[in-house]
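# Topology and contacts: notes
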Amino acid sequence: IRKITHILGKIGFDLTTGPEIETDFMNFEAVNIPADHPARDMQDTFFVGPGVVLRTQTSPVQMRAMREKKWPIRILCPGAVYRADND
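These notes cover the structure that comes with them. Every value quoted in this text rests on a predicted model; they were computed, and no experiment measured them.

### A short note on the sheet that holds strand β4 (residues 52-54)
The three strands are arranged β2-β4-β3 in an open sheet whose pairing can be described as antiparallel. If you trace the sheet from one side to the other, it starts and ends with β2 (21-23) and β3 (47-49), each paired once. The mean inter-strand angle of the sheet, taken between neighbouring strand axes irrespective of direction, is 40 degrees. Relative to β4, β2 runs antiparallel, the two being bridged by three bridges.

### Observations concerning unusual backbone geometry
Following Trp71, the chain continues to Pro72 via a peptide bond in cis, the omega torsion being 0 degrees. Assignment of secondary structure puts Pro72 in the loop between α3 (59-68) and β5 (75-76). Here the phi dihedral of Asn32 falls at roughly 60 degrees; this positive angle occurs in a residue that is not glycine. By the secondary structure assignment, Asn32 is in the loop between α2 (24-27) and β3.

### Description of the side chain of Glu22
As for its position among the elements, Glu22 is in strand β2. What makes Glu22 buried here is its relative accessible area of 2%. For Glu22, the side chain forms a polar contact with the side chain of Arg64, separated by 2.7 Å. In contact with Glu22, other than residues within four places in its own chain, are Asn27, Gly51, Val52, Val53, Arg55, Pro60 and Arg64.

### Describing the side chain of Gln57
With respect to the secondary-structure elements, Gln57 resides in the loop between β4 and α3. Here Asn27 takes part through its backbone oxygen, which lies 2.7 Å from a polar atom of the side chain of Gln57. If we skip the residues at most four places from it in the chain, Gln57 touches Asn27, Val31, Ile33 and Val81.

### Examining the pattern of salt bridges
Overall, the coordinates contain one salt bridge when judged by the stated rule. We note a salt bridge from Arg64 to Glu22, for which the minimum N-O separation is 2.7 Å. Of the two residues, Arg64 is situated in helix α3 and Glu22 in strand β2; the sequence distance between them amounts to 42 residues. Note on Arg64: relative accessible area 26%, which makes it partly exposed.

Conventions used here
- Residues numbered from 1 in each chain as written.
- Predicted model: local features only at pLDDT ≥ 70, side-chain atom pairs only at ≥ 80, totals over all residues.
- Heavy atoms only, no water.
- Pairing = 2+ DSSP bridges.
- Helix = DSSP H or I, 4+ residues; strand = E, 2+ residues; numbered from the N terminus.
- Axes fitted to C-alpha atoms, helices over the stretch in contact; angles between N-to-C directions.
- Buried < 20%, exposed > 50% of the residue type's maximum accessible area, 1.4 Å probe, protein only.
- Polar contact = N/O pair within 3.5 Å; in protein donor to acceptor, adjacent residues only side chain to side chain.
- Contact = heavy atoms within 4.5 Å.
- Salt bridge = Lys/Arg side-chain N within 4 Å of Asp/Glu carboxyl O.

Take a look at the structure:
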């Protein structure tokens, strides 16, 4: 991650991080994943409370950056994600 961050930093990308525990809104709705999408199933997502999940992708970090940073943005969002996968 350090090497990639360094290389992409040279061409204007900023390292951006965010919380690993997310709201249902930021993890799913803000990226247009509908309520009936399979990614929201209990066996695929770790729900830690009502409307709170362990993030299943780093897209919530991108959503936060798009809301907070001045456009245009160039970001790199490495980080852990949590989902039940059998592969």
